[in-house]
Amino acid sequence: MSQTQRGLCLSRYSFHRTDLPCIDDAASRYRRYRTSSVSFWNKRAVLRNIKLAGMTSTRLVEIWNKGVLQTALDVTDYHGDFMQMNSLHRFPLRRPKWHSCTLRKAMHLRARILPKISIQPRLWRRSCRKEKTNHIHTALGRFSGNDSQNNIHLVQLKTLEDVRFGQAVFSPNSDQVIYATGYEFTADGRILGIKGCFNRPSGIWKLRISTPIAASGKIAKPPAGIDVEFQKLTPPHLSCRSPRPLVDQGRSILVWLSCRTGGAHLASSTLHMLDISSDPSSARLDISSASVPAVSYVETPSNPNEFPGLYPAYNLPSLPSATAPSVISSALGVLLHSQWGSRTTVLQICIDNGSWDVNHLTPIVDDHGNLYSWSVLATDGHARVICSRSSPSVPYEIMLGEFSATGSFSWRSLDNPALSESVAAALSSIKTSIVPIPGRPLVETILIQGPNKESEGAKAPCITSPHGGPHGATSTAFSATTTALVLEGYTLSLPNYTGSPGYGEKFLQDLIGRCGELDVEDCIASARRLIELGISEEGPGKQFITGGSHGGFLTAHLIGQYPDFFSAAILRNPVISVGEISLTDIPDWYFSEFGLPYPLSSSSPSGSSSDGANEALPPFVTVDTFAKLQAASPVAYIDSIKVPVLLLVGAADRRVAPSHGIEFYHALKARYSKPQKKEKGCKVDMLVFEGESHPLDGVEACRASFEATRDWFAEARGILASHA
């Protein structure tokens, strides 16, 4: 059995840690001076998918009160699969349950894993069944009642036919008012994939329940339908997400994040605020200020220490407010983590009367030289915040940050990983630095080095690993795979090329229309820079490359455009033929990232539905469009490739069709069968993971992928060792 649980972010049932250590009484002193920004409700709702092998999944909504399960409502007949947002603060803060069958999977020997996933040309066939696109909740569930199990019941809100609502939160002023993110269909009837894509036709909506919900003591089948009044608060050109209500100085404020709709799938975010103090009334809110950001874009920071703009996670913390207790003013403090160069950092954004200021709360380097990356997990809504931090040599630690009564800020470690002496010694040998690339403004690479296991005078072989996206980013956060490869004796280079977030909006947008050119040039320049510095060297068995998704796109480009530089390559779910977009949840990516128009917008806030939204028709792949996209694809250089290539493909990938990697495998197989290629040691192999999607993050997939990566590069170096 595998279980997925996710905390539903409904304020009346949100989770809170109540066992945080009390460093001093600053928070309680603070509350005497300032209206509490949130009450500490003890109830929470947990959405749980339960999947049994060979059976359909069961979906439960659990109501917990003070750590005790009150009831579990089976909503399988009324609700599709719950969607995970991969945000820790949206989960209950407790240890997940690991089941024996999962552990048995993890204990499979490599000899038992690889034969199941190796390519079998005679047996493999492409499925022609069209998968239904994932979408956000078709209806919002609300629970009401007291602590008695008999009074908890489920109702279904009658939502709009053409909008899918999620990220629901109650108003702090009324149980009859809900704020939610509404995801709208495109003109051709799609709900575009949102994972890693912040530019969707989506907006913030106010949902007002027209009539009170009476507790019946029973669960109706189907749940009773409740009429709802709708008001869209945000404009069509902004893709909005993560509404969070705050109460500050007697005001009720709704804050949320937005990006531009369409274009780059992930760009700078802006922070917005709206006064919702009047929302209990039936009158529509004044939304004249909703489109004006409280924190706007930054085109280009003047230096690496200047704020580059907001590049946060998809969601704000459930309670994003925290300010120094000594600050008694109208300023509102919002805490979040954001990409800043090659690190993720914790920021406090102070907003006051239309002006804003950003305070950097995390040191760049600690006393031991660790380049930490940080993530906000939760705040108490007042003066304390819980974060995780890590670096390539330090696995995740839990940190408590607190504003003192005098306004200063300090960190304290709450939990460190328990490491054996041998593991701790190995990790302490790892050094991390950030190397700027001359002649390529703002481009830099994260350099991770371990003990050199080569013969005296030789440099450790270097693995270049470009991130995906292309508007993803590599940070200095701990990665088990990266650290393990370093301990195998490799130097790792993780370039943040043009288009990466965390360096200003211009740097990110400069890649649009130049994928396969500018990003490729940045990556090869990064590899050559390390050679110039004497960190690595060129030659057989000295340079390797691996990447997934757009990183796989870059990997394929680099071994095609620079066929003599790298000695072996590994590609995970790569984009190979950009013109092939029929099986993807993000068809707009294949147009927008390559400079072709793909109009997107959501509905106008003037109406109560999305009628008239997205009137511009999405483009179709014409002969000319296909030719342009294929010319920018790695497949254009396939005849130049001559290094050993391993492909790792998820058979259930909805983001990049598995056919990209599989057709690339067969194309290389045919070319490598020629005698002159065989003599040079050219070979290609592929592992196909049934049931795995784009991340390849299942237990077997993770283990098999790492072992295959380790062995593929070792064989290319001619030193394949026996691993028991």
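Look up a bit, the structure's there.
Residues numbered from 1 in each chain as written. Predicted model: local features only at pLDDT ≥ 70, side-chain atom pairs only at ≥ 80, totals over all residues. Heavy atoms only, no water.

A.B. asks: So what's going on with the overall build of the protein chain? Which residues, and what values?
C.D. replies: Secondary structure assignment for the protein chain yields 13 helices and 29 strands. Out of the 724 residues in the protein chain, the part that is buried amounts to 55%. Surface accessibility of the protein chain: about 30400 Å² in total, with carbon and sulfur atoms responsible for 52%. (Helix = DSSP H or I, 4+ residues; strand = E, 2+ residues; numbered from the N terminus. Buried < 20%, exposed > 50% of the residue type's maximum accessible area, 1.4 Å probe, protein only. Areas by Shrake-Rupley, 256 points an atom, 1.4 Å probe, with all protein chains shown as cover.)

A.B. asks: Requested: an account of the pairing of strand β29 (residues 684–689), with residues and values cited.
C.D. replies: Where burial is concerned, most of β29 is hidden: five out of the six residues are buried. Of the strand pairs in this sheet, strand β28 (residues 645–650) and β29 are connected by six bridges, and their pairing is parallel. Residue pairing across strands places valine 645 opposite valine 684, the latter belonging to β29. (Pairing = 2+ DSSP bridges.)

A.B. asks: If you had to explain unusual backbone geometry to someone new, which residues and values would you point to?
C.D. replies: Omega for the bond connecting glycine 469 with proline 470 falls within 30 degrees of zero, at 10 degrees, which places this linkage in the cis form. Looking at the secondary structure, you find proline 470 in the loop between β24 (462–464) and α5 (480–487). The phi dihedral of glutamine 167 falls on the positive side, at around 55 degrees, and the residue is not glycine. Residue classification places glutamine 167 among the buried residues on the basis of a relative accessible area of 5%. In the Ramachandran plot, leucine 442 falls in the positive-phi region, its phi being about 75 degrees despite a non-glycine side chain. Tracing the sequence through the fold places leucine 442 in the loop between β22 (431–436) and β23 (444–449). What makes leucine 442 partly exposed here is its relative accessible area of 35%.

A.B. asks: Which residues make up the layout of surface pockets, and what values go with them?
C.D. replies: Gaps left between atoms are located by rolling a probe of water-molecule size over the structure's atoms. In this structure, the second largest pocket occupies an estimated 480 Å³ of space. Lining the second largest pocket are 21 residues, with Pro304, Asn305, Trp340, Gly341 and Glu444 positioned closest to its centre. Of all the elements in the fold, those that place two or more residues in the lining of the second largest pocket are β16 (343–352) and β22. Of the residues that constitute the lining of the second largest pocket, the class distribution is ten nonpolar, eight polar and three charged. (1 Å grid on protein atoms, 1.4 Å probe; cavity = no way out; pocket = protein on both sides within 12 Å on 5 of 7 lines; lining within 4 Å. Points joined across faces, edges and corners; volume = space filled by probe spheres on them. Nonpolar A, V, L, I, M, F, W, Y, C, P; charged D, E, K, R; others polar.)

A.B. asks: Please provide a residue-by-residue account of the environment of glutamate 161, values included.
C.D. replies: Relative to the assigned elements, glutamate 161 resides in the loop between β6 (153–157) and β7 (163–170). Classification of glutamate 161 as exposed rests on a relative accessible area of 69%. Spatially, the C-alpha atom of glutamate 161 lies 9.9 Å from that of phenylalanine 185, the residues being 24 residues apart in sequence.

A.B. asks: Could you give an account of helix α13 (residues 699–717), with specific residues and numbers?
C.D. replies: An α-helical turn contains 3.6 residues, so a residue and the one three or four places further along point in the same direction. In this model α13 runs 28 Å from its N-terminal to its C-terminal C-alpha over 19 residues, within 8% of the 27 Å that 1.5 Å per residue would give. Taking burial as the measure, the 19 residues of α13 include 14 buried ones, the bulk of the element. Positive backbone phi, at 80 degrees, marks glycine 718, one or two positions downstream of α13. (Expected span 1.5 Å × (residues − 1).)

A.B. asks: Residue-level account of the nonpolar core, with values.
C.D. replies: Residues Ile559, Leu571, Phe594, Val645, Leu647, Phe664 and Leu668 are the most contacted members of the largest nonpolar core, which totals 51 residues. Of all elements in the fold, only α7 (518–532), α8 (550–561), β27 (568–572), α9 (587–592), β28, α11 (658–672) and β29 reach the threshold of two or more residues within this core. At six residues, α11 tops the list of elements feeding residues into this core. Among all residues touching isoleucine 559, those that are not within four sequence positions of it are Ile545, Phe566, Ala569, Ser640, Ile641, Val643 and Val645. Judged by nonpolar contacts, the second largest core, of 25 residues, contains Ile430, Ile463, Leu494 and Leu648. (Core = buried A, V, L, I, M, F, W, Y, C linked by side-chain atoms within 4.5 Å. Contact = heavy atoms within 4.5 Å.)

A.B. asks: Any details on the packing of α7 against α8? Residues and values, ideally.
C.D. replies: Following both chains from N to C, one finds α7 and α8 inclined at 70 degrees, their axes separated by 10 Å at the closest point. Accordingly, the angle class assigned to the pair α7 and α8 is roughly perpendicular. Contacts between α7 and α8 involve Asp519, Val520, Cys523 and Ile524 from the first element and His550, Phe553, Leu554, His557, Leu558 and Gln561 from the second. (Axes fitted to C-alpha atoms, helices over the stretch in contact; angles between N-to-C directions. Parallel < 35°, antiparallel > 145°, perpendicular 65-115°, else oblique.)

A.B. asks: Give me the lowdown on the sheet that holds strand β15 (residues 332–340), citing residues and values where you can.
C.D. replies: The strands making up a sheet associate through hydrogen bonds between their backbones, and the pairing can be parallel or antiparallel. The antiparallel open sheet is built from three strands, whose spatial order is β15-β16-β17. Two strands bound the open sheet, and with one partner strand each, they are β15 and β17 (355–360). Strand-to-strand twist of the sheet, defined as the mean angle between neighbouring strand axes without regard to direction, takes the value 30 degrees. Bridging between β16 and β17 involves six bridges; their strand directions are antiparallel. Within β17, the residue paired with leucine 347 across the bridge is histidine 360.

A.B. asks: Residue-level account of the environment of phenylalanine 507, with values.
C.D. replies: One can find phenylalanine 507 in helix α6 (residues 505–509). Taking the C-alpha atoms as reference points, phenylalanine 507 and threonine 300, 207 residues apart in sequence, are found 7.3 Å from one another. Once residues within four sequence positions are removed from consideration, phenylalanine 507 is found in contact with Pro441, Leu442, Val443, Asn496, Tyr497, Thr498, Gly499 and Ser500.

A.B. asks: Tell me about α11, residues and numbers included.
C.D. replies: Here α11 is 15 residues long and its end C-alpha atoms lie 21 Å apart, about the 21 Å a rise of 1.5 Å per residue gives. Among the residues of α11, those classed as buried are Pro658, Ser659, His660, Gly661, Ile662, Phe664, Tyr665, Ala667, Leu668 and Tyr672. Packing partners of the buried residues in α11 comprise α8, β27, α9, β28, α12 (675–679) and β29.

A.B. asks: Explain the sheet that holds β22 residue by residue, including any values.
C.D. replies: Within the open sheet, the eight strands sit side by side as β22-β23-β25-β24-β26-β27-β28-β29. Their pairing is mixed. Single-partner strands in this sheet number two, and they are β22 and β29. With direction set aside, neighbouring strand axes in the sheet form an average angle of 20 degrees. For β24 and strand β26 (residues 543–548), the ladder comprises three bridges, and the chain directions are parallel. The residue bridging isoleucine 463 from the neighbouring strand is phenylalanine 544, located in β26. With respect to the sheet, α5 is in contact with β23, β24 and β25 (491–496), its orientation differing from that of β25 by roughly 140 degrees.

None of this, on its own, says anything about what the molecule does.
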